[in-house]
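Residues per chain are reported as follows:
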Amino acid sequence: MKKLVEHFLILLLAIFPSVALAQIITVTGPIEPEEMGLALIHEHIMVDWIGADSTGQHRWDRNEIVERALPYLKEIKEYGVTTFLDCTPAYLGRDPYVLKKLADRTGIHILTNTGYYGSGNNKYIPEGLMNTSAKEMAFHWIREFEHGIDGSGIRPGFIKISVENEEILSEIHRNLIEAAGLTHLKTGMAIVSHTGGDSPAMAQIRVLKEMGVSPSAFVWTHAQNGTMNGYLQAASQGAWISLDNIDGGTSNDTEGTGNIDWFVKTLLELKDRGILDHILISHDAGWYNVGEKNGGYYKGYTDLFTQLIPRLKQNGFTQKDIDLVLMENPKRAYAIHIRKE
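In this text, all values refer to a predicted model and were calculated from it rather than measured experimentally. (Residues numbered from 1 in each chain as written. Predicted model: local features only at pLDDT ≥ 70, side-chain atom pairs only at ≥ 80, totals over all residues. Heavy atoms only, no water.)

Draft legend 1. Seen up close, the layout of surface pockets. Of the volumes computed, that of the largest pocket is approximately 320 Å³. Lining of the largest pocket is provided by 21 residues; of these, G56, Y91, R94, I149 and D150 occupy positions nearest its centre. Secondary structure elements with two or more residues in the lining of the largest pocket: α4 (96–106) and α5 (134–147). The greatest single-element share of the lining of the largest pocket, amounting to 3 residues, is contributed by α5. Residues of the lining of the largest pocket, tallied by class, amount to 9 nonpolar, 7 polar and 5 charged. (1 Å grid on protein atoms, 1.4 Å probe; cavity = no way out; pocket = protein on both sides within 12 Å on 5 of 7 lines; lining within 4 Å. Points joined across faces, edges and corners; volume = space filled by probe spheres on them. Helix = DSSP H or I, 4+ residues; strand = E, 2+ residues; numbered from the N terminus. Nonpolar A, V, L, I, M, F, W, Y, C, P; charged D, E, K, R; others polar.)

Draft legend 2. Spotlight on the packing of helix α9 (residues 260–272) against helix α10 (residues 303–314). Across the interface, α9 lies against α10 with an axial gap of 10 Å and an inter-helix angle of 40 degrees. Considering the angle they form, α9 stands oblique to α10. In this structure, the crossing between α9 and α10 has a hand that is right-handed. In this structure, α9 contributes I260, D261, F263, V264 and L267 to the contact, and α10 contributes Q307, L308, R311 and L312. (Axes fitted to C-alpha atoms, helices over the stretch in contact; angles between N-to-C directions. Parallel < 35°, antiparallel > 145°, perpendicular 65-115°, else oblique. Left-handed = near helix turned anticlockwise from the far one by under 90°. Contact = heavy atoms within 4.5 Å.)

Draft legend 3. Seen up close, the pattern of salt bridges. Within this structure, the stated rule accounts for 13 salt bridges. Its salt-bridge partner being D95, residue R62 comes within 2.8 Å of it at the nearest N-O pair. Residue R62 is found in helix α3 (residues 62–78), and its partner D95 is found in the loop between β5 (81–86) and α4; the two are separated by 33 residues along the sequence. The exposure class of R62 is partly exposed, given its relative accessible area of 24%. Look at D95 and you get buried, because its relative accessible area is 5%. Within this structure, R174, E178 and E210 form a network of salt bridges that share partners. (Salt bridge = Lys/Arg side-chain N within 4 Å of Asp/Glu carboxyl O. Buried < 20%, exposed > 50% of the residue type's maximum accessible area, 1.4 Å probe, protein only.)

Structure, rendered in structure tokens:
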């Protein structure tokens, strides 16, 4: 019987390698998806807004950033958070060494990323890389996945790109999503795209499908700027909808998409529509602002636990619903495996 099981596993690996080898890649190494636990899928430790051609490690003190961020990570650990995705991209303050120190000191699984950030009129893409082809971009991102970031040996666990919230993708931003598609087909990393509204989300999904990439590899980030019809259309194709600006501080802003009332109403409707299994939520909070004294204002990552979850439970959300969004969906979205159309 043991030999039979071994032969079956070998056959399964040969036929479905991406399924058999699915892992979550953290800054301290790979873990199994089941180890991911409760995840905050879109947060930040540090951001440097100066621009791609001026930023760099010379602008910050790693130890200072670690000490500033540490209490906030310890705080979320008390709420059961075991995994934290840092969505700061290259040339905007990504520092794998800072993340590794924080992971070592807290025991939290932290993920970093590869990719380029196109929003802000491409200010965060180095001028020398602005007009590179999708293949050239993908080559660099794949190399980071295979060998680590900037000689650190620390590998990215997902792709982070950004496009403008416009109906038609610019040539540069089409290159970004094509590069992300090529990188996914080689590495199996999820594509997390700072997007905004329905139109750029659908435009990116179309590009990926043309490349043979399943929309299930795509995370529509800042989808709170989209519509319910857009969510339904994206989910029907398998894409992930990331509502990532939970902010209890905007509770008096009736128009704000980050306020708790909006989240409760929207998540209840998403549940009623039957697409809660395609939803991701987080704060998009933090962070140490490079260039400001001691990093300036730092917003913590607890509104989800102190405000949103209690309100959801008062309105009919079960623990199973909460576990689906915070535990089951993240491991399905971010496990490393190639997803073809």
